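# Fold and geometry: a report
So the chains spell out like this:
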Amino acid sequence: MENAYHKPDERTLQALQDIATKLRIHSIESTNAAGSGHPTSCCSIAEILSVLFFHTMRYKVSEPRDLSSDRFVLSKGHAAPILYAAWAEAGLFPVSELAKLRSIDSDLEGHPTPRLSFIDFATGSLGQGLSCACGMAYIGKYFDKASYRVFCLVGDAESSEGSIWEAMNFASYYKLDNLCAIFDVNRLGQSDPTMFQHDFDAYKRRTEAFGWNSLVIDGHDVEAVCKAFHEAKTTKNRPTAILAKTFKGRGVPGVENLDNFHGKALGDKGRAAVEILKKTITSNGPNGLGPQPVVDDNVTAIDLSDVKLSSPPSYTIGEKVAVRQAYAKALIKLGNTCDRVIALDGDMKNSTFSLEYRKAFPERHIECFVAEQNMVGVALGCAARGRAITFSSTFAAFFTRTFDQLRMAAVSQSSANFCGSHPGVSIGVDGPSQMALEDIAMFRSIPNCVVFYPSDAVSGERAVELAANYKYMTFIRSTRGPTPVIYNNDEVFEIGKAKVVRETAKDSVLVVGAGATLDEALKAADELAKENINIRILDPFTIKPIDKEAIVQNAKAVGGKILTVEDHYLEGGIGEAVLAAVAEESGVTVRILAVKEIPRSGPGDALLDLFGISANHIVKAVKNI
C-alpha cells in the first residue's frame, strides 16, 4: 500500500541515533561556551529533531524559507541551541559557528528570532508557537492548497498556557491535518516538576478531547518517532499530537531526569557527558540522510506590494459615518484588488463590521471565536513568508489580553495589522470593561508599530490602505459612533503626517484631538468663535509616528499654547505623544484633557462631558489657557 509504514533499516536507525547524539553534544558544548543556556531542554528532544530534519521534513538547506518547504516552529524557544545544531548538521552553516551562541556578534541568540533565515517567528515567551503554526497550516491547506506540512514542537511546561489550548481548539475545528504538534513531555519545568509529569493518560485524554489524533511514544526511540510522523502524515481531517515521553538532560549522568538543572550550562558534568556520548557514535556523517525532497506544488511568491483600494472613498462632507464602517468598506475594496487580504475576527464581526468582508469574501475571513491570543498568533502565521495581508479585529479593549503576543510579533518582524473598535468612554452604556482607554499606550510601546487614529470615514479608508502596504505591524483605532466626514474624498494621507482641519490668522491655541474628541474640538471652535476666540485644530492621523514638525510649527504659530483632548487615559496617549514631540522646544506649553479615572456606564455624550473631554470642557480649557 502506498501509505503503509515501512520501518527504516537498522543502518538508517543507527545513523539517526548518531545524529541525535551529535545534536546533544553540540547543545552541551555551545551552552558551555556561552556560559548559559538550556542544554537539558535540548537533550530531551534530540531524537525528535534528528528524525524531523534528517528523515521526515521536506525542505531546502539552500533556501530555508522556500515557499513549498515544510515549516517548523520551536514553540519552546529556550531549546534554540539544538535547533541551531540541526541546521548546522544539515549544512546551512559551519558547525564551528555554534560556539558563538549568545555572543553579541552572532545571530544565534538565546532564543530564536527571524534574524536567522530559518526562523519565521520569535519564540521564547511560552505558549505562542502553536497558534502561529495554526496560521501557517491554515494558509497551506485553504489558500496555497499545497503539500507542505507544519510541525510545532511544544514543551510540556508551556502546555499549561491557555493559548496552547486555544490553538488546539482552532486546529481541530478547521481540520488542519497538515499540522503536527510534538509535545516534549520531559516531566520537569523550570523550578518544579510539570503539572502532569509523565501522566500520559492525562495528556492523551486532553488532546483527544480537543479533537486531535493523539499518539503516545517513547521520544528517545528513533524508530517510534519515525512511525509517529508517518501516522501523522497519513491521518486526515484532524491534526496530530505526538506525546513524546522524554527525559530532561537525557544522556548526561548526574543530570538526566533530575531537578535544578534548568537553564544552566552543565560545565564539568557536560564535558564528561560529551566524552561518553562521543564513544557511542558509530558513523562520521549523516550516512546520506537529510532533508526529504520538496514537492513542487507551484507555490509561488505573491506580490503584496502597492495594494490599492479598488475605488476611492465616496462620502459627503458633514455626512456622519462610523470609522468602523469605513474600515469594513476599505477591507472589501482591498479584497477586490488582492485575493490574499485576510480578515480575522474574535466573534465580534457584527460589531467590528468585518462581517461585511465575510459576506463579500467568505473564504477569506477566518473566525477565531473568543480567543484573542490565538487570533493574533494565527494572523502572524497567515502573514508569514509573505503569504497574506492580515487584518485582525475585535474591541480595542480586548487586545490588551494579547499584549505578549503583540510584543513577540514585533520581535518576529511581523506585518500583521490590527483594528480595535469601540474605544473610549464615547461607546456609552456598555461600561468600563468594554472601553479601551489604554490601547494607544499599549500599541505605541511596540517597536515599529504604526498607530492610526482616523477621525472620519475618508481617513479611515486610507488608514486601512496604508496599513496594508506597511512593512511592519499596525493598529487602527476605529471609533464606534458616527463622526462627521471632514475630508474631501481625494485627500491624500501619509503615515506620520498630521492635518490641520481648522485655522485662522488669529488662532490663540492649538487643539489636538482625534476620533470623537476631534469632533468635540470642532464644536468647541464654533462656540469660541462666537466670542472672537479662534483655535487651530490638528488631526494627528497617526499617533505613532506623531508629526512632530507639524505640531511644533503650528504651536509656535499660535504662541506656543497646546491643548490635547483624548478619549483615553492620561498615561501613554495623545497628550504624552505630543509632550514628547515638543520636549526640546522652548516656549511651548501643553495642557492635557483625558480620562483620569475609571469610567462608568451612561450615554456617550454625557460620559464625554462627565470625564472632562467634551466640547464644553475644551471651551473652558481654552479660556483658562
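Computed from a predicted model, the values in this text were never measured in an experiment.

A tally of regular secondary structure across the protein gives 21 helices and 19 strands. Its C-alpha atoms give the protein a radius of gyration of 28 Å, near enough to 25 Å, the size a compact globule of 625 residues would have. Relative to its 625 residues, the protein shows a buried fraction of 60%. At a minimum sequence separation of 6, the contacts of the protein that also span at least 24 residues come to 79%. A total accessible area of about 23,400 Å² is found for the protein, and carbon and sulfur atoms account for 48% of it.

Looking now at the packing of helix H6 (residues 162-173) against helix H13 (residues 372-383). Viewed as axis vectors pointing N to C, H6 and H13 meet at an angle of 65°, and their least axial separation amounts to 8 Å. On the basis of the axis angle, H6 is roughly perpendicular to H13. Classified by chirality, the crossing of H13 by H6 is right-handed. Contacts between H6 and H13 involve Ser163, Glu166, Ala167 and Phe170 on the former and, on the latter, Glu372, Gln373, Asn374 and Val378. Partitioned by chemical class, the residues of the contact of H6 with H13 number three nonpolar, three polar and two charged.

Our next topic: the packing of aromatic side chains. Counted by the stated rule, this structure contains 29 aromatic pairs. Seen from their ring centres, Phe53 and Phe72 are 5.6 Å apart, and the 75° between their planes marks the pair as edge-to-face. Of this pair, Phe53 sits in helix H3 (residues 46-56) while Phe72 sits in strand S1 (residues 71-74), and the two are 19 residues apart along the sequence. The pair Phe53 / Phe72 is uniform in exposure class, with both members buried.

Moving on to the layout of surface pockets. Looking at the largest pocket, its volume works out to about 710 Å³. Contributing to the lining of the largest pocket are 28 residues, with Thr56, Arg58, Phe229, His230 and Lys233 lying nearest its centre. Those elements that provide at least two residues to the lining of the largest pocket are H3, helix H5 (129-143) and helix H8 (222-234). In terms of residue count, the dominant contributor to the lining of the largest pocket is H8 (five residues). Taken together, the residues of the lining of the largest pocket sort by class into nine nonpolar, 10 polar and nine charged.

Quick look at the sheet that holds strand S7 (residues 341-345) now. On the basis of which strands lie adjacent, the open sheet formed by seven strands has the order S8-S7-S9-S10-S12-S11-S17 and mixed pairing. Bordering the open sheet on either side are strand S8 (365-367) and strand S17 (542-544), each of which pairs with just one other strand. For this sheet, the mean angle separating the axes of adjacent strands, direction not counted, is 20°. Bridge analysis of strand S11 (residues 450-452) against strand S12 (residues 474-478) gives three bridges, and the strand direction is parallel. Bridge assignment links Val450 to a residue of S12, and that residue is Thr474. Taken strand by strand, helix H10 (residues 323-337) contacts S7, strand S9 (389-395), strand S10 (417-421) and S12, and its axis lies near 160° from that of S9.

As for its position among the elements, Glu208 is in helix H7 (residues 200-209). Spatially, the C-alpha atom of Glu208 lies 9.5 Å from that of Thr240, the residues being 32 residues apart in sequence.

The next thing to look at is the pattern of salt bridges. Per the stated rule, a full pass over the model turns up 34 salt bridges. Asp66 is paired through a salt bridge with Lys60; the nearest N and O atoms lie 3.6 Å apart. You can call Lys60 partly exposed: its relative accessible area is 33%. Note that Lys530 is salt-bridged to Glu527, the shortest N-O span being 3.1 Å. In the salt-bridge network here, residues are joined through shared partners; they are Arg65, Asp120 and Arg385.

Below, the discussion takes up the environment of Phe475. Mapped onto the elements, Phe475 comes out in strand S12. Sequence separation of Phe475 and Ala371 is 104 residues, and the distance between their C-alpha atoms is 19 Å. What Phe475 contacts, discounting residues up to four positions off in sequence, is Ala396, Phe399, Phe418, Cys419, Gly420, Asp439, Phe443, Cys449, Val450, Val451 and Phe452.

Core analysis: the largest hydrophobic core is formed by 87 residues, its most contacted members being Leu130, Leu179, Phe418 and Phe443. In terms of residue count, H5 provides more of this core than any other element does, nine residues in total. The contacts of Phe443, once residues within four sequence positions are left out, are Phe399, Leu406, Phe418, Cys449, Val451, Phe475 and Lys544. Grouped together as the second largest cluster of nonpolar side chains are 53 residues, Phe53, Ala86, Ala88 and Phe151 included.

Empty space among the atoms becomes apparent when a probe as large as a water molecule is rolled across them. In the structure shown here, the tally under the stated rule is five cavities of 30 Å³ or more. What the largest cavity holds in volume is close to 160 Å³. Residue lining of the largest cavity: 19 residues in total, with Phe72, Val73, Trp87, Phe118 and Asp120 positioned closest to the centre. Looking at the lining of the largest cavity, the elements with two or more residues in it are S1 and helix H4 (80-90). Examining the composition of the lining of the largest cavity, we find that four residues originate from one element, S1, more than from any other. In terms of residue class, the lining of the largest cavity is made up of 13 nonpolar, two polar and four charged. Considering the residues around the second largest cavity, the lining is formed by Thr40, Leu188, Gly189, Lys248, Val255, Leu258, Asp259, Asn260, Phe261 and His262.

So, on to the UniProt feature "domain: Transketolase-like pyrimidine-binding" (unreviewed entry) in the protein. Following the UniProt record, one finds the feature "domain: Transketolase-like pyrimidine-binding" (unreviewed entry) at residues 321-485. As annotated, residues 321-485 comprises 39% helix and 20% strand, and the C-alpha atoms at either end are separated by 7 Å.

With that settled, the discussion passes to the pairing of S1. Residues Arg71 and Val73 point to one face of S1 and Phe72 and Leu74 to the other, with burial holding for every one of them. As paired strands, S1 and strand S2 (residues 150-155) are joined by four bridges and run parallel to one another. Each residue of the ladder has a partner; that of Val73, found in S2, is Cys152.

In this section: helix H16 (residues 457-468). Taking 1.5 Å per residue, 12 residues should reach 16 Å; H16 reaches 17 Å between its end C-alpha atoms and fits that length. With respect to burial, H16 is a largely interior element, 11 of its 12 residues being buried. Within H16, burial applies to Ala457, Val458, Ser459, Gly460, Glu461, Arg462, Ala463, Val464, Glu465, Ala467 and Ala468. Summarising the contacts, the buried residues of H16 are in contact with strand S6 (320-322), H10, S9, S10, S11 and S12. Near the N-terminus of H16, the side chain that reaches the backbone nitrogen of Val458, with its oxygen 3.3 Å away, is that of Asp456.

Mapping Arg58 onto the fold places it in the loop between H3 and S1. Here the side chain of Arg58 touches Ser147 through a polar contact of 2.5 Å, landing on its backbone oxygen. Sequence-distant contacts of Arg58, that is, excluding residues within four places in its chain, are made with Ser69, Asp70, Ser147, Tyr148, Arg149, Gln292, Pro293, Val294 and Val295.

Scoring rules and cut-offs
- Residues numbered from 1 in each chain as written.
- Predicted model: local features only at pLDDT ≥ 70, side-chain atom pairs only at ≥ 80, totals over all residues.
- Heavy atoms only, no water.
- Helix = DSSP H or I, 4+ residues; strand = E, 2+ residues; numbered from the N terminus.
- Rg over C-alpha atoms; globule rule 2.2 N^0.38 Å.
- Buried < 20%, exposed > 50% of the residue type's maximum accessible area, 1.4 Å probe, protein only.
- Contact = heavy atoms within 4.5 Å.
- Areas by Shrake-Rupley, 256 points an atom, 1.4 Å probe, with all protein chains shown as cover.
- Axes fitted to C-alpha atoms, helices over the stretch in contact; angles between N-to-C directions.
- Parallel < 35°, antiparallel > 145°, perpendicular 65-115°, else oblique.
- Left-handed = near helix turned anticlockwise from the far one by under 90°.
- Nonpolar A, V, L, I, M, F, W, Y, C, P; charged D, E, K, R; others polar.
- Phe/Tyr/Trp six-rings, centres within 6.5 Å; stacked < 30°, edge-to-face > 60°.
- 1 Å grid on protein atoms, 1.4 Å probe; cavity = no way out; pocket = protein on both sides within 12 Å on 5 of 7 lines; lining within 4 Å.
- Points joined across faces, edges and corners; volume = space filled by probe spheres on them.
- Pairing = 2+ DSSP bridges.
- Salt bridge = Lys/Arg side-chain N within 4 Å of Asp/Glu carboxyl O.
- Core = buried A, V, L, I, M, F, W, Y, C linked by side-chain atoms within 4.5 Å.
- UniProt positions renumbered as here; feature names shortened; annotations may be inferred.
- Expected span 1.5 Å × (residues − 1).
- Polar contact = N/O pair within 3.5 Å; in protein donor to acceptor, adjacent residues only side chain to side chain.

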